[in-house]
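Breakdown of the fold
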Amino acid sequence: MLRTTAFRFHVLALALLAGAAGSVRAAEYGAAAPDVAAAAAPAAVPPFKHPGLLMTQNRLASIRAAVQSGNAGAMKTGFNRLLQDGRGSHTYAHQALATVEVVRAAGGPQEGRWKNDGFAAYLNALRWAVTGDTRNRDKAIQIIDAWSAKFTGFTLAPGTDAPQAWLEAAWGLPVWASAAEILRHHDGGAAGWPQASQDRFNGYLNKLYGYANQASARTNNWGVSGALATMATGVYQDDANRYNAGLNRIKQLIPLIVYSSGEVQELAARDCHHPQYSLAGIAQAAEMATIQGDTSVWLLKVGNEPQPRFSRGLEYMAKSILYGEGVRDCRSNGLYPGYSEIAVNGYMNRGTPIPNFQNATKRGRPDGNAAEFIGWSAATHGRDDF
């Protein structure tokens, strides 16, 4: 009962913070409020589908079929690039730490170790599911077990404030959870991951969640990252409260991140990179929700707009990258890895045209590692029919 009360209080606090942050663009948010409120109504999702983060059993089978095919399609080409990442090798040398020092606006060695080991766990788990090589399975389990047994929390480097740990945890949590989700559920638990080890990982995930969930109150790429992490925790733990809180927060953020013109928040004020953190997080959240039977993130519209708001943001970003249009010329930049093929797949399946974003996706194929989110979307979601 205490946990439920605390959770409800936290969700209320997030809602109040979101409303205050939205006042920065009062006209924008005022027009969006009725639609967002309706779309954000909590919905029961149990039983959760597993594997159910970014990978389903059918998707893992599709990747395997593409890799074994004689045709060099987008997915096979993407997976071949994934294989070039040394962190996905069963000989990768991991090193769990009791504490991880977070460095503001930079990456310290401990933070780098934690991130790299998380990606290594994911890559090895994915490689095992696709290729059947049990050495990759064993390496993924070793990495997760080591960190679950040793990690106690984040520390802050001099000059680094506490919220930086929230953001780092928000980025890392879905990576760790995705690795564990494959090990726990692929082929009915074929990995043989011991229950005691799964229980320790659940404790590790709760520690990360304690940091990551706090980022979701921000109305920028931090908020998107925190909401995605909250959704991922909910799916892995079969926790409808956590999942729905993250999903609803994503839908609240979409019209605050993508303006009515399609301009993406932080593009004008910052650079070509940070706005795509938000786009990547929203796309991965949309895919996660779709796997759980909810397409509302892809389809969320504001007022009488003919196109879903998120699709407008993708098109705006693509025009900036392809043609230098909009508030910033991003022709010297490319698409951030890890979300382009997911977004193309998501909107093609919904019948929503995003031609410029499709062109930018094809130009950037195959995408590789993303330092913050799970990358390699061509390997997992690439398709050849556009």
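All values derive from a computational prediction rather than experimental measurement.

A few words on the overall build of the chain. Counting secondary structure elements, the chain contains 16 helices and two strands. For the chain, buried positions account for 58% of its 386 residues. A separation of at least 24 residues holds for 78% of the contacts in the chain among residues at least 6 apart in sequence. Of the roughly 14,600 Å² of accessible surface on the chain, a fraction of 52% belongs to carbon and sulfur atoms.

What follows is about the pattern of salt bridges. What the rule picks out here adds up to twelve salt bridges. Between R242 and D239 there is a salt bridge, and its shortest N-O distance comes to 3.9 Å. Accessibility classification places R242 together with D239 in one group, the buried group. A single salt-bridge network, built from bridges that share partners, covers E111, K115 and E168.

The next thing to look at is the packing of aromatic side chains. Scanning the entire structure with this criterion turns up 20 aromatic pairs. Judged by centre distance (5.5 Å) and plane angle (85°), the rings of F48 and Y243 are edge-to-face. Of this pair, F48 sits in the loop between α2 (26-39) and α3 (57-68) while Y243 sits in helix α10 (residues 240-257), placing them 195 residues apart in sequence. There is no split in this pair, since F48 and Y243 are both buried. Centre to centre, the rings of F154 and Y211 are 4.9 Å apart; their planes meet at 80°, and the pair counts as edge-to-face. One end of the pair, F154, is in strand β2 (residues 153-156); the other, Y211, is in helix α8 (residues 195-215), with 57 residues separating them in the sequence. A relative accessible area of 11% means that F154 is categorised as buried. Cluster of aromatic residues (ring-pair linked, three or more members): W114, W147, F151, F154, W176, W193, F201, Y204, Y211 and Y236. In this structure, R184 packs its charged tip against the face of Y236, placed 4.8 Å from the ring centre. One residue, R242, lies across the ring of Y209, its end atom 3.8 Å from the ring centre.

In this structure, Y122, W147, W176 and Y339 are the most contacted members of the largest nonpolar core, which totals 113 residues. Tallying contributions element by element places helix α7 (residues 163-185) first for this core, with 14 residues. If we ignore the near neighbours within four places in the chain, the residues touching W176 are W114, D117, G118, A121, I143, I144, W147, F201, Y204 and L208.

Our next topic: the pairing of strand β1 (residues 99-102). With burial as the criterion, only one face of β1 is covered, namely that bearing V100 and V102; the residues T99 and E101 on the opposite face remain uncovered. Alignment of β1 against β2, held across four bridges, turns out to be parallel. By the bridge assignment for β2, V102 is matched with L156.

Turning our attention to the environment of D138. Summarising the element assignment, D138 is placed in helix α6 (residues 134-150). Residue classification places D138 among the partly exposed positions, given a relative accessible area of 33%.

Take the state of the cysteines next. Tallying each qualifying case throughout the model produces one disulfide. Across the disulfide, C272 is cross-linked to C330 (sulfur-sulfur distance 2.0 Å). Linking C272 and C330, the disulfide has an S-S dihedral of approximately -95° and is accordingly described as left-handed. One end of the pair, C272, is in the loop between α10 and α11 (274-291); the other, C330, is in the loop between α13 (309-323) and α14 (340-348), and 58 residues separate them in sequence. The same class applies to C272 as to C330, namely buried.

Put simply, H50 and P51 share a cis peptide bond, and its omega is -10°. Its location among the elements puts P51 in the loop between α2 and α3. At the junction of R365 and P366, the peptide bond is cis and its omega measures out at -15° in the coordinates. If you trace the backbone, P366 turns up in the loop between α15 (355-363) and α16 (377-381). At D187, a position not held by glycine, the phi torsion is positive, near 55°. For D187, the location among the structural elements is in the loop between α7 and α8.

Moving on to the environment of A190. Note that A190 resides in the loop between α7 and α8. Between the alpha carbons of A190 and A129 there is a distance of 9.5 Å; along the sequence they are 61 residues apart. When residues no more than four places from it in sequence are discounted, the contact partners of A190 are W128 and R137.

We now examine the environment of G78. For G78, the position within the fold is in helix α4 (residues 74-83). Distance in space between the C-alpha atoms of G78 and P366 is 5.0 Å, their sequence separation being 288 residues. When near neighbours in sequence (up to four residues on either side) are disregarded, G78 contacts P366, A378 and A379.

About the cut-offs
Residues numbered from 1 in each chain as written. Predicted model: local features only at pLDDT ≥ 70, side-chain atom pairs only at ≥ 80, totals over all residues. Heavy atoms only, no water. Helix = DSSP H or I, 4+ residues; strand = E, 2+ residues; numbered from the N terminus. Buried < 20%, exposed > 50% of the residue type's maximum accessible area, 1.4 Å probe, protein only. Contact = heavy atoms within 4.5 Å. Areas by Shrake-Rupley, 256 points an atom, 1.4 Å probe, with all protein chains shown as cover. Salt bridge = Lys/Arg side-chain N within 4 Å of Asp/Glu carboxyl O. Phe/Tyr/Trp six-rings, centres within 6.5 Å; stacked < 30°, edge-to-face > 60°. Lys NZ or Arg CZ within 6 Å of the ring centre and 35° of its normal. Core = buried A, V, L, I, M, F, W, Y, C linked by side-chain atoms within 4.5 Å. Pairing = 2+ DSSP bridges. Disulfide = S-S within 2.5 Å.

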